[in-house]
Amino acid sequence: MQNIRQIISERVGQVLQSQWGVQLGENAAQVRPSGDTKFGDYQSNCAMGLARQLGLKPRDVAQAIMANLNIADICEPPEIAGPGFINFRLKPEYLTNALDRVPSIPHPPVELATGETLQDRLGMPKSTTRQIIPIDMSSPNLAKEMHVGHLRPTVIGDAVARILEFIGHQVHRLNHVGDWGTQFGMLVQYIRDIPDQWLTDKILGEDELISQLDSTGLDEASLADLIRNMIRTKESPVAVIKIQDLEEFYIRAKDKFDRDPEFAQRARQAVVRLQNHEPEILVTWLAFRSESLEHCHKIYEILTIENLIDRGESFYNEMLPGVVQELLEKGVAVESDGAICVFPSGFKGRDGEPLPLIIRKSDGGFGYATTDLAALKHRITVMHADRIIYVVGNQQKQHFEMLFAALKMIGWKKETDSPDNQIAQAKACGSLTETIHLATGMLLKEDGSPFKTREGGTVKLKDLLNEAVERCRAFLQANEANPEKQRGYSPEQIEHMAKVIGIAAVKYFELSHHYGTDYRFDWEEMLALEGNTAPYMLYAYARIQSILRKSANGGERTTNNERQTTVLTHPAELALAKQLLRFPEIIEQLGSELRPNLLTEYLYDLSKTFSTFYDRKTGVRVVDAENAVARQTRLLLCELTGRALKLGLSLLGIGTLDRM
RNA sequence: GUUCCCGUAGCUCAAUUGGAUAGAGCGUUGGCCUCCGAAGCCAAAGGUUACAGGUUCAACUCCUGUCGGGAACGCCA
């Protein structure tokens, strides 16, 4: 599929360059879709700005552009309107041609060597530049269970990852979990003190413990020896932890920590013992970490989040002293009130004093700023990241601004310490690593208050997802009980549909809002069959599949050969064709703007255009169309719309149903 | 107190980063099933974009101020 906006932009750009020597790039031609169809399909707004620079009249500039423009293969003769807008109206033959050139889905589907099915790209090419992009996403604290606040960084991060992968980049989904520090000393000590009813049978063997070590960045080889040794001298299995309710467990430990000074003292000692890698403590910590991660991954499974790398704070632990040392040597960090700090310029605190990034506390310990800097260094110098994205709540906005400012002071680049690394050398020729904080807004209850339980506690993400599925199940069951609406689905089918629709509804509702704004979690709105919702989108998709099934009697399919008879005439056909062909423009925009809500908006427009196209009153007949040409044209439109919906939803991490 | 973000239709949200008459959905009102999935479609009403100035061909968007809401601000993450 071709990017029409880009083509027009290039054509206009050529004129700008040849006539006035305008530097291209940055969309100098200012081509965009028209706001109103009466102005055509696309418009160029460059004449006004250019006229000012050249000292000419805007309409004269527009006239000159048109006189030199070679675009008759795509559009009707452009028109000048208003102060100097140039309006373009696409030719139906051009649209027909563009649709015909979209490759068919291979039948049977092509399987890759990896076992995956080749993704339908609707004929959209991959980007020629392939960036390495770590995305810091989800990142729950392993001390507690995941709560509703983790929904946004998880779902948005995954969608951004999928979109960038589709464009052609190499994405690493990094789960920067909180798995280190004071809280974990407390929890580990609590486990060792009180093997109560919270801990039941769950056996963690040697292999599992060592595989856990792998993702912590601790010195795997020597620690593995320690653990093996411990197992030999004691009874295997080594770690027995199964926590019924992680949240409740944390609350109890915290309560004991606050009330019992003696326990608190031992908890603090446990932190030190953990830092020193004492096997007994380390093994308990690994077991707890494993247990907690399992809770998270159950959620990720429900949300169909895959390829997440659990690389938490502990992973960078060994790097921290070196980072502080390096910053001191570079003169970036200084001592202040006993702590080692970086003072990026432009940040002021309560008293107007410069605001520090504390990289070593006065007691010698390291905080999250140090970990974040170490992670930046690792991602830049070891992973060779071209772009680093953080999907993290907007409360941390200032923290990231300071972090990025500190990075500029430090100057880490994509080269590694070893100069013989050729890949690194090649990468180092490129630009500096770009750092982006996608600051997510808050999730609010329907009344606009913060999302808490009646008791003021956090709402577990698991409970919220369960409720979504339950509500869908109830709806589907009610439909089946209604003689007018029932479709004869089995309980198993209903269960499957409830899961797909329920999770899709939550994710889609999330993604259809701008990531930065606070939004209200409204069940009715989210599960509504009208409006910009997952159920509406899935319904449109299911209808299309139904049409294609009906048309496919006798194994008939649209193929490239048949498509040569495609002719667009009816306004509904033209509208749908134009909408379909905007897909590449949205993908292009997403590559730089990282805003999944642009995609939801597009998909909603597309489904709406389809509903109008297919409507009894306003639309056209498809399967039983007036003639063979109309039938084939319309079936092609249906097929492509279905594929676009499926592809678009898949880029958001949302599945589809052939029936619902 | 300082800094940053936000304020758009009755409600929930958009607005392609300065472009033409600010768009959707819900709700309200009125139409459309002899027909491929009506879980749908069409139409109407609804706005001084918090307020006051400014910048320019053009401002929801940029600048200044006011009011209202939120967040961050030295050893928690």
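The notes below deal with the structure included here.

Scoring rules and cut-offs
Residues numbered from 1 in each chain as written. Chains lettered and ligands numbered in written order. Predicted model: local features only at pLDDT ≥ 70, side-chain atom pairs only at ≥ 80, totals over all residues. Heavy atoms only, no water. Helix = DSSP H or I, 4+ residues; strand = E, 2+ residues; numbered from the N terminus. Rg over C-alpha atoms; globule rule 2.2 N^0.38 Å. Buried < 20%, exposed > 50% of the residue type's maximum accessible area, 1.4 Å probe, protein only. Contact = heavy atoms within 4.5 Å. Areas by Shrake-Rupley, 256 points an atom, 1.4 Å probe, with all protein chains shown as cover. Lys, Arg positive; Asp, Glu negative; His and termini not counted. Charge placed at Lys NZ, Arg CZ, Asp CG, Glu CD. Core = buried A, V, L, I, M, F, W, Y, C linked by side-chain atoms within 4.5 Å. Near = heavy atom within 4 Å. Polar contact = N/O pair within 3.5 Å; in protein donor to acceptor, adjacent residues only side chain to side chain. Nonpolar A, V, L, I, M, F, W, Y, C, P; charged D, E, K, R; others polar. Pairing = 2+ DSSP bridges. Axes fitted to C-alpha atoms, helices over the stretch in contact; angles between N-to-C directions. Left-handed = near helix turned anticlockwise from the far one by under 90°.

1. Notes on the overall build of chain A
Alright, step 1. A count of helical and extended segments in chain A gives 23 helices and 16 strands.
Alright, step 2. Taken against the 2.2 N^0.38 rule, which gives 26 Å for 660 residues, the C-alpha radius of gyration of chain A at 29 Å falls within 12% of a compact globule.
Alright, step 3. Projected onto its principal axes, the C-alpha positions of chain A cover 85 × 70 × 50 Å.
Alright, step 4. Burial analysis of chain A (660 residues in total) assigns 50% to the buried set.
Alright, step 5. Counted over contacts in chain A with a minimum sequence separation of 6, partners at least 24 positions apart contribute 75%.
Alright, step 6. In the form shown here, chain A has an accessible surface area of approximately 31,100 Å², with 49% of it arising from carbon and sulfur atoms.
Alright, step 7. Each charge class in chain A was averaged separately, 75 positive and 88 negative side chains, and the resulting centres sit 5 Å apart.

2. Notes on the nonpolar core
One recurring pattern in soluble globular proteins: nonpolar side chains tend to sit buried together.
Alright, step 1. Formed by 167 residues in total, the largest nonpolar core has its most connected members in Ile 8, Val 12, Ile 135, Leu 151, Ile 389, Leu 464 and Phe 521.
Alright, step 2. When residues of this core are assigned to their parent elements, the largest contribution, twelve residues, is made by helix H17 (residues 491-511).
Alright, step 3. If we ignore the near neighbours within four places in the chain, the residues touching Ile 135 are Gly 157, Val 160, Ala 161, Leu 164, Val 171, His 172, Arg 173, Leu 174, Ile 389 and Val 391.
Alright, step 4. Grouped together as the second largest cluster of nonpolar side chains are 32 residues, Leu 320, Val 324, Ile 359 and Phe 404 included.

3. Things to note about the protein's contact with RNA strand B
Alright, step 1. Near RNA strand B lie 71 residues; those nearest to it are Lys 38, Arg 52, Lys 361, Glu 530 and Arg 595.
Alright, step 2. Taken together, the sugar and phosphate atoms account for 55% of what RNA strand B places within 4 Å of the protein.
Alright, step 3. The side chain of Tyr 368 places a nitrogen or oxygen atom 2.6 Å from a base nitrogen of RNA strand B.
Alright, step 4. Between RNA strand B and the protein, one listed contact pairs a base oxygen with a side-chain N or O atom of Glu 593 at 3.1 Å.
Alright, step 5. When residues in the surface near RNA strand B are grouped by element, the largest group, seven residues, is from helix H22 (residues 596-614).
Alright, step 6. Residues that form the surface near RNA strand B fall into these classes: 25 nonpolar, 21 polar and 25 charged.

4. A word on the pairing of strand E11 (residues 339-342)
Every other side chain in a regular strand lies on the same face of the sheet, so the side chains alternate between the two faces.
Alright, step 1. Burial along E11 is two-sided: the face carrying Ala 339 and Cys 341 and the face carrying Ile 340 and Val 342 are both buried.
Alright, step 2. Here strand E10 (residues 333-336) pairs with E11 via four bridges, running antiparallel. Paired with Ala 333 across the bridge in E11 is Val 342.
Alright, step 3. In textbook terms, the turn of a hairpin is the stretch between consecutive antiparallel strands, and for E10 and E11 this stretch comprises two residues, one of which, Asp 337, has a positive phi near 50°.
Alright, step 4. As paired strands, E11 and strand E12 (residues 357-360) are joined by three bridges and run antiparallel to one another. Residue pairing in the sheet places Val 342 in a bridge with Leu 357 of E12.

5. Notes on the packing of helix H5 (residues 151-167) against helix H21 (residues 583-593)
Alright, step 1. Contact geometry of H5 with H21 gives a least axis separation of 10 Å together with a crossing angle of 115°. Handedness of the H5/H21 crossing: left-handed. When H5 is examined against H21, the residues Ile 163, Leu 164, Phe 166 and Ile 167 are found in contact with a partner set consisting of Ile 587, Leu 590 and Gly 591.
Alright, step 2. Across the contact of H5 with H21, the residue classes tally to six nonpolar, one polar and no charged.

6. Focus: the sheet that holds strand E14 (residues 434-440)
Alright, step 1. In spatial order, the strands read E9-E6-E5-E13-E14; together these five strands make up an open sheet with parallel pairing. One side of each edge strand has no neighbouring strand; the edge strands of this open sheet are strand E9 (308-310) and E14. If you compare each strand with its neighbour and ignore which way they point, the axes differ by 25° on average.
Alright, step 2. Set on the sheet, helix H14 (residues 397-410) makes contact with strand E13 (387-393) and E14; between it and E14 the angle comes to about 175°.

7. Topic: helix H4 (residues 92-100)
Spacing of three or four residues puts side chains on the same side of an α-helix, whose turn is 3.6 residues.
Alright, step 1. For H4, the set of buried residues is Tyr 94, Leu 95, Thr 96, Ala 98 and Leu 99.
Alright, step 2. Packed against the buried residues of H4 are helix H1 (4-20), helix H20 (571-580) and helix H23 (628-651).

8. As for the sheet that holds E11
Alright, step 1. Taking strand neighbours across the sheet as the criterion, the three strands line up as E10-E11-E12 in an open arrangement whose pairing is antiparallel. At either margin of the open sheet sits one strand with a lone partner, and together these are E10 and E12. Within the sheet, the average angular offset between the axes of one strand and its neighbour, ignoring direction, is 45°.
Alright, step 2. Contacting E11 and E12, H14 runs over the sheet at an angle of about 65° to E12.

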